[in-house]
Every structure is written in structure tokens, then in C-alpha cells.
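Descriptive structure summary
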Amino acid sequence: MSKRALITGVTGQDGSYLAEHLISMGYQVWGLTRGQANPRKDRVSRLIPELRFVDGDLMDQSSLVSAVDTIQPDEVYNLGAISFVPMSWRQPELVTEVNGTGVLRVLEAIRMVSGINKPAVTNGGAGQIRFYQASSSEMFGMVAETPQHEDTRFHPRSPYGVVKTYGHYITRNYRESYGMYGVSGILFNHESPRRGAEFVTRKISLAVAQIKLGLQDRLLLGNLDAVRDWGFAGDYVRAMHLMLQQDEPGDYVIGTGRMHSVRDAARIAFESVGLNWEEHVTVDPTLVRPAEVETLCADADNARRTLGWEPTVDFPELMRMMVESDLEQARIARDYGEVLAGARW
């Protein structure tokens, strides 16, 4: 009998790649969506016809209990979140409700449906619903050491990072208090052609495509010296699945271990279409974060050793992949007189 999985945030970049990956392995997969009139749901359903949907909302406890009870999943992946970090300064209360309390609600739904009513001594017994929480490298913030591993101290520098830290610890708390099988993947930045247009790598690839075709003049960026460990989202969802296949639950850092700056991203992207980035990029001070996270770099040795996970796409290849995809879409949009949208899939 095939395994059953429930994914929150299934219409996002990670959710769609994860759904594809699980379905390719023979899973029955449901995506949690809120309401019927959802253009992103239509896009992902066209992309993945085998994907099923169930109504639910991370801000509504009863809907989550109903979804888990209806599907009776073997695995729940909580990828649903407001993931654009700058938004967390503009709407910190909403981000806290979705990214923080939402994690608690999913854990509670699993606990209630599973009939776990008292603390347990052992972790992650057979037959339990296994839970994956999407933690974030933003929890490290003002880093205590480089590279960062599972035991590196957290010092988040944004409301987003603070709330993700709560989600991380509440997952660990339910694992330790109730014996639930709950893991957190501390994923470093991961990108793809499906990334939202508000994220810097996709902002760059979209602009490069438009500039190459003469449809745009300049690209405005913030801190060019900000450094990240960027990988390919398709690689990272494999790690999510592997985490839930282990005998014992645990938390894992996932990243490439290589750092690149925003300047590097711009240079590689423009060079891929034969342009000099310095002739097209302007620094806009209003785009710099109130409290910048300067350096994030993963030490993923534990994941490599325990999960057997390795990234397959390096950063230059990733940026070229994104530019090629956006260039193709920009040509289609130009030829048909349309506006190139950030959500192309």
C-alpha cells in the first residue's frame, strides 16, 4: 500500500518540487489549500495532475484537524509560511500567526488525530504520523560561527527568523514531550525557476531576461555584499523526505557549504547572456534590511553522513538555469504582448 503525504504550502516552490518527488516515489500526495479561487492552486494542479487537494488553513485549528483526520497521512510536511523575510517587518503579527502559531496548530492536529494525550518516554514509535517542519538558516542571524551546524547558537535578526526559531523549538518540544516523530530541516537559501519574483535571485534572473530583450533598463538591488549559501530547491526537497525515513527523528542543516554574494549572483546572471552587470545594476539604499544578516554558510556534514544527501546543482548552474527559464518566458510574453509575471509555472 502506497504511503500518504500531506503538504502545507504545496503551491510554493518547495511544495511543488516535494509533491513531484513524492509522487515519483509512489506516494499519494495531498496539498493543503485555503479556499477554491486560488490561481496558484490552478497552476500547480496543471503542473502535477496526480496531486490531490484538501481544504485547510494554518490559522484555523479545526480545519487542520479535519484535513489530517480525513487523509490519515503517514507523513506531514509543513512548508506553509510567509517566506519573504522583509514582509516580516511590515506585518510581524501576521507572520507570527502563520509561521509560528501555524506550526503549533499542525502539531496539535497530528497529536489530536493520533490520540496522543499524555507525555511519552520514547521518541517516534512505529505507525506514528511523521512530521517535517521547515526551519530556516535565518534563525542563525548574527552568526556565532561559520559555517553553521545543528548546534550553532541562534541569534535571529528579523521577525521572520524569530518566529522560525519558535517553530523549530516547538517541534523539538513535542518530540521530547509527547514522543512524536517530528524533525526540522534547517534549510539554507534554495532557489529555482519557480521562486517568487520578490526574492533576490529571481528578481535578478527576471531583470536579466527583460534587459537582454530591451524591455527593461536597470535592476535595483540592496546590499550587494550580503552573502548566502544558495542551492537548488529540487535538491533540498530530497533531504526533507530522507529526514522522515530515519529510525530516530532529528534535526538537520541542509546547504551546499559554499558562499556567494548578491554581487556574484548578478555577475553570473548577466554574464550568462553576454552582459556586464555593472552597466545595469543600481544600489537602492531603501532595499537594505533594517538588521542585515551578512554571512550564512551551512555545515551539512551530518546530513551527508546520516542521510546520504548531496546537492547536485552548483550556484553558477542554478543562476544560469533561472535566467534561461525567464528568458524563454520573456520571449513568449514579448511575442504575445503579455507582461512577464513572477509566477511562471
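Bear in mind that the values here come from a model prediction, so they are computed numbers and not experimental data.

1. Quick look at the overall build of the chain
Counting secondary structure elements, the chain contains 11 helices and 13 strands. Radius of gyration (C-alpha) of the chain: 20 Å, near the 20 Å computed for a compact globule of 345 residues. Reported as C-alpha extents along the three principal axes, the dimensions of the chain are approximately 65 × 45 × 40 Å. Among the 345 residues that make up the chain, the fraction classed as buried is 56%. Considering only contacts within the chain whose residues lie at least 6 apart along the sequence, 78% involve residues at least 24 apart. About 14,700 Å² of surface is accessible on the chain, with carbon and sulfur atoms providing 49% of the total. For the chain, the separation between the mean place of its 36 positive charges and that of its 44 negative charges on side chains is 2 Å.

2. Describing the pairing of strand 5 (residues 130–136)
Burial within strand 5 is extensive, with seven of its seven residues counted as buried. Along strand 5, one buried face is formed by Arg-130, Tyr-132, Ala-134 and Ser-136 and the opposite face, lined by Phe-131, Gln-133 and Ser-135, is buried too. Two strands pair when backbone bridges link them, and strand 4 (residues 75–78) and strand 5 are joined in this way by four bridges, in the parallel orientation. In the sheet register, Glu-75 faces strand 5, and the bridge partner there is Arg-130. Pairing between strand 5 and strand 6 (residues 182–187): six bridges, direction parallel. Paired with Phe-131 across the two strands is Gly-182, which belongs to strand 6.

3. Concerning the pattern of salt bridges
Any two side chains of opposite charge can pair, given that their charged atoms come close. For the coordinates displayed, the defined rule picks out 16 salt bridges. One salt bridge connects Glu-97 with Arg-105, and the closest N-O pair in it is separated by 2.7 Å. Accessibility expressed as a relative area gives 12% for Arg-105, which makes it buried. With a closest N to O distance of 3.4 Å, Asp-235 and Arg-238 form a salt bridge. You can see Asp-235 and its partner Arg-238 sitting in helix 8 (residues 233–243), three residues apart, about one turn around the helix. For Asp-235, a relative accessible area of 3% gives the class buried.

4. Thoughts on unusual backbone geometry
Geometrically, the link from Thr-146 to Pro-147 is a cis peptide bond, its omega value of 0° lying close to zero. Structurally, Pro-147 is set in the loop between strand 5 and helix 6 (159–178). Even without being glycine, Gln-72 reaches a positive phi, approximately 50°. Structurally, Gln-72 is set in the loop between helix 3 (61–71) and strand 4. Residue class for Gln-72 comes out partly exposed when judged on its relative accessible area of 43%.

5. A closer look at empty space enclosed by the protein
In total, this model carries one cavity of 30 Å³ or more according to the counting rule given. Around the largest cavity, the lining residues are Leu-6, Thr-8, Leu-32, Leu-64, Ala-67, Val-68, Val-76 and Val-106. Where the lining of the largest cavity is concerned, the elements lending two or more residues are strand 1 (4–8) and helix 3. When residues in the lining of the largest cavity are grouped by element, the largest group, three residues, is from helix 3. Partitioned by chemical class, the residues of the lining of the largest cavity number seven nonpolar, one polar and no charged.

6. Here's the deal with the nonpolar core
Within the largest apolar cluster, 62 residues are counted, with the highest numbers of intra-cluster contacts made by Ile-7, Tyr-77, Tyr-132, Ile-204, Met-243 and Ile-254. The element contributing the most residues to this core is helix 11 (residues 315–335), with seven residues. Tyr-132 has contacts with Val-76, Tyr-77, Asn-78, Leu-79, Val-183, Ser-184, Gly-185, Leu-187, Met-240, Met-243 and Leu-244, leaving out every residue within four places of it along the chain. Core analysis: the next-biggest nonpolar cluster, separate from the first, contains 22 residues, Ala-109, Ile-116, Ile-129 and Tyr-174 among them.

7. A look at the packing of aromatic side chains
Scanning all chains against the criterion turns up nine aromatic pairs. Ring geometry for Tyr-77 versus Tyr-132: centroids 6.0 Å apart, planes at 45°, classification tilted. Of this pair, Tyr-77 sits in strand 4 while Tyr-132 is found in strand 5, placing the two residues 55 residues apart along the sequence. The class of Tyr-77 is buried, set by a relative accessible area of 0%. Judged by relative accessible area, which is 0%, Tyr-132 ranks as buried. Look at Trp-230 and Phe-315: their rings are 5.2 Å apart centre to centre, the planes differ by 10°, and that puts the pair in the stacked class. In this pair, Trp-230 is assigned in the loop between strand 9 (227–228) and strand 10 (231–232) and Phe-315 in helix 11, connecting sequence segments 85 residues apart. Taking relative accessible area as the criterion, Phe-315 reaches 3% and is therefore assigned buried.

Conventions adopted
Residues numbered from 1 in each chain as written. Predicted model: local features only at pLDDT ≥ 70, side-chain atom pairs only at ≥ 80, totals over all residues. Heavy atoms only, no water. Helix = DSSP H or I, 4+ residues; strand = E, 2+ residues; numbered from the N terminus. Rg over C-alpha atoms; globule rule 2.2 N^0.38 Å. Buried < 20%, exposed > 50% of the residue type's maximum accessible area, 1.4 Å probe, protein only. Contact = heavy atoms within 4.5 Å. Areas by Shrake-Rupley, 256 points an atom, 1.4 Å probe, with all protein chains shown as cover. Lys, Arg positive; Asp, Glu negative; His and termini not counted. Charge placed at Lys NZ, Arg CZ, Asp CG, Glu CD. Pairing = 2+ DSSP bridges. Salt bridge = Lys/Arg side-chain N within 4 Å of Asp/Glu carboxyl O. 1 Å grid on protein atoms, 1.4 Å probe; cavity = no way out; pocket = protein on both sides within 12 Å on 5 of 7 lines; lining within 4 Å. Points joined across faces, edges and corners; volume = space filled by probe spheres on them. Nonpolar A, V, L, I, M, F, W, Y, C, P; charged D, E, K, R; others polar. Core = buried A, V, L, I, M, F, W, Y, C linked by side-chain atoms within 4.5 Å. Phe/Tyr/Trp six-rings, centres within 6.5 Å; stacked < 30°, edge-to-face > 60°.

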